Amino acid sequence: MSDAPDSLAHHLARRIMMDGPLSVAAFMAEALGHPRFGYYMRQDPFGVSGDFTTAPEISQMFGELAGLWCVDTWARLGGPAPFHLVELGPGRGTLMQDALRAAALVPAFREAARVHLVETSPTLRARQKETLAGLPVAWHDRLEDVPEGPALILANEFFDALPIRQVQKTNHGWFERLIDIDSTESTDTPLFRFVLEAFGSAGARLIPPALRDAPEGSVVEVSPASQAVARLIGERLAAHPGAALVIDYGYRGGPVVGDTLQALRRHAYAPVLDAPGEADLTAHVDFAAIAAAAREGGAESFGPVDQGDWLVRLGIQPRAAALKRSATATQAADIDSALARLIAPNQMGTLFKVLALASPGLGPPAGFESPELAS
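The sections below set out a description of the structure shown in this document. Nothing here was measured: the structure is a model prediction, and the numbers come from that model. (Residues numbered from 1 in each chain as written. Predicted model: local features only at pLDDT ≥ 70, side-chain atom pairs only at ≥ 80, totals over all residues. Heavy atoms only, no water.)

We now examine the side chain of Thr 260. Within the secondary structure, Thr 260 is located in the loop between β10 (242-251) and β11 (262-265). With a relative accessible area of 15%, Thr 260 lands in the buried category. In terms of polar contacts, Thr 260 uses its side chain to reach the side chain of Glu 221, at 2.6 Å. In this structure, Thr 260 is in contact with Glu 221, Thr 282, Ala 283 and His 284, ignoring residues within four places of it in sequence. (Helix = DSSP H or I, 4+ residues; strand = E, 2+ residues; numbered from the N terminus. Buried < 20%, exposed > 50% of the residue type's maximum accessible area, 1.4 Å probe, protein only. Polar contact = N/O pair within 3.5 Å; in protein donor to acceptor, adjacent residues only side chain to side chain. Contact = heavy atoms within 4.5 Å.)

Structurally, Asp 98 is set in helix α6 (residues 94-103). Classification of Asp 98 by relative accessible area gives buried; the value is 5%. In this structure, Asp 98 is in contact with Pro 56, Ser 59, Gln 60, Gly 63 and Glu 64, ignoring residues within four places of it in sequence.

Owing to its 3.6 residues per turn, the α-helix aligns residues three or four sequence positions apart on the same side. In terms of residue burial, helix α2 (residues 24-33) counts as a mostly covered element, since eight of its ten residues are buried. Taken residue by residue, α2 has Val 24, Ala 25, Ala 26, Phe 27, Met 28, Glu 30, Ala 31 and Leu 32 as its buried positions.

One can find Pro 82 in the loop between α5 (60-76) and β2 (83-88). The partly exposed category is assigned to Pro 82, whose relative accessible area is 46%. Sequence separation between Pro 82 and Gly 149 is 67 residues, and the spatial gap between their C-alpha atoms is 8.4 Å. Ignoring anything within four residues of it in the chain, the contact list for Pro 82 reads Ala 112, Arg 114 and Pro 150.

At their nearest, the axes of helix α13 (residues 316-325) and helix α14 (residues 329-343) sit 9 Å apart, and the two run at 165° to each other. Here α13 is positioned roughly antiparallel relative to α14, judged by the angle of their axes. α14 is crossed by α13, and the crossing has right-handed handedness. The segment α13 lies against α14, with Ile 316, Gln 317, Ala 320, Leu 323 and Lys 324 engaging Ala 332, Ile 335, Asp 336, Leu 339, Leu 342 and Ile 343. Residue composition of the contact of α13 with α14, grouped by class: eight nonpolar, one polar and two charged. (Axes fitted to C-alpha atoms, helices over the stretch in contact; angles between N-to-C directions. Parallel < 35°, antiparallel > 145°, perpendicular 65-115°, else oblique. Left-handed = near helix turned anticlockwise from the far one by under 90°. Nonpolar A, V, L, I, M, F, W, Y, C, P; charged D, E, K, R; others polar.)

Burial analysis of strand β16 (residues 352-358) places seven of its seven residues in the buried class, which makes it a mostly covered element. Side chains of β16 alternate between two faces, with Phe 352, Val 354, Ala 356 and Ala 358 and Lys 353, Leu 355 and Leu 357 buried alike. In terms of strand pairing, β10 meets β16 through seven bridges, oriented antiparallel. Its bridge partner lying in β16, Asp 248 is registered against Lys 353. The pairing of strand β15 (residues 300-306) with β16 spans five bridges and is antiparallel. Its bridge partner being in β16, Ser 301 is matched across the sheet by Leu 357. (Pairing = 2+ DSSP bridges.)

What follows is about the packing of aromatic side chains. Evaluated as defined, the whole model comprises seven aromatic pairs. With 6.0 Å between their ring centres and 70° between their planes, Phe 27 and Phe 192 make a pair best called edge-to-face. With Phe 27 in helix α2 and Phe 192 in strand β8 (residues 192-198), this pair connects stretches of sequence that are 165 residues apart. Each member of the pair, Phe 27 as well as Phe 192, carries the same accessibility label: buried. Where Trp 74 meets Phe 83, the ring centres are 6.2 Å apart and the plane angle is 35°; that geometry is what we call tilted. Phe 83 gets classed as buried once you look at its relative accessible area, which sits at 1%. These aromatic residues form a ring-pair network of at least three members: Trp 74, Phe 83 and Phe 109. One Lys or Arg, Lys 129, reaches over the ring of Trp 139 and ends 5.4 Å from the middle of that ring. Above the plane of the ring of Phe 194 lies Arg 177, whose end atom (NZ or CZ) is 4.1 Å from the centre. (Phe/Tyr/Trp six-rings, centres within 6.5 Å; stacked < 30°, edge-to-face > 60°. Lys NZ or Arg CZ within 6 Å of the ring centre and 35° of its normal.)

Another point: the pattern of salt bridges. Enumeration according to the criterion identifies 18 salt bridges in this entry. Here Glu 30 makes a salt bridge to Arg 15, at a shortest N to O gap of 2.7 Å. Taken together, the positions of Glu 30 in helix α2 and Arg 15 in helix α1 (residues 8-19) put the pair 15 residues apart, joining distant regions of the chain. Accessibility expressed as a relative area gives 12% for Glu 30, which makes it buried. When salt bridges with common partners are traced through the structure, they connect Glu 64, Asp 98, Arg 101 and Arg 319 into a single cluster. (Salt bridge = Lys/Arg side-chain N within 4 Å of Asp/Glu carboxyl O.)

Turning our attention to α13. Here α13 has its buried residues at Ile 316, Ala 320 and Leu 323. The buried side chains of α13 occupy one side of the element, clustering within an arc of 60° when seen end-on. Every exposed residue of α13 that faces more than 90 degrees away from the buried side is listed here: Pro 318 and Arg 325. Among the structural elements, α5, α12 (307-314) and α14 are those in contact with the buried residues of α13. (Arc of directions from axis to C-beta.)

As structure tokens, then:
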């Protein structure tokens with residue numbers, strides 16, 4: 001192996017040979033964010049020509065309703081001016097573009113908004129600059145770098161890409177799943193495999209108490225990185241007026257048993273350990289853990305609710321009908337198809353969840369008005 005690695009696989013193999021097997025979290029962080037070889041650093045993965053399609057790319061209606069939700073929440077906050085409109089992991093900038101277009105219906109909101117995008121990928125920053133050309137936008141590597149003050153924060157399909165750790169129950173107790181080189185294979189391209197390694201009392205705290213008696217073979221996932229971001233959001237909302245909207249795929253009822261780590265390439269599932277840096281790596285989001293971390297930071301939480309229910313409550317069906325009134329037959333069919341993808345139970349409607357975080361005392365934002373949704 002040469003001194004200068006020519007791929008992420010070679011870089012990871014060298015790191016493993018020097019330091020030992022990697023945690024799943026370390027592997028994910030390198031695969032997605034390595035400065036030279038990371039998946040998000042080198043390419044635009046969105047849309048039909050990429051590896052996956054997000055809700056803002058499916059229809060303008062999604063971003064428009066997110067924008068109107070921001071306007072309504074801003075009004076409930078008393079209309080602070082100025083305030084920070086922040087998006088975490090903004091993709092191509094499509095959601096922000098559509099949100100700002102809808103928000104233009106309230107000029108005072110647009111005048112007060114200071115747009116901030118938290119994005120580490122140079123490739124995606126370039127796309128965002130194209131999408132939002134002519135608008136004053138500030139880019140940051142971390143949420144911590146966004147100036148203090150009132151804020152509305154959007155996070156659509158952001159948390160699912162944050163690194164996770166996995167632990168597995170064996171007949172000898174709980175072990176952490178790590179990634180090692182598959183030394184049994186002889187090839188110029190390094191191959192990787194999962195291994196198990198015992199951990200001490202510090203690592204044992206990863207296992208949620210409710211699952212410590214899970215049966216042998218069980219895999220449990222935790223995301224300290226996600227909880228850290230959620231706690232930071234909670235602290236910010238406790239210190240300054242604001243709210244956050246988290247939209248992602250995952251589960252609502254607390255930690256569950258199951259391996260949800262997956263790789264996507266060209267809109268199809270791929271082996272997780274093959275060709276690191278060439279496929280997107282994600283895991284289902286534990287919304288209960290995110291909500292709990294945000295509450296520890298001082299915020300209130302509402303939901304999560306199913307994405308389909310939330311969009312219907314915000315009026316996506318009348319919006320679709322309005323768009324169809326000036327559409328051709330082909331365009332109308334596309335609008336119906338997009339609507340189904342976003343809200344149908346057998347598509348994104350129930351798989352994706354929506355969680356609201358808010359400053360204490362704000363009360364439930366739009367789409368979260370049912371009393372049982374507050375926590």
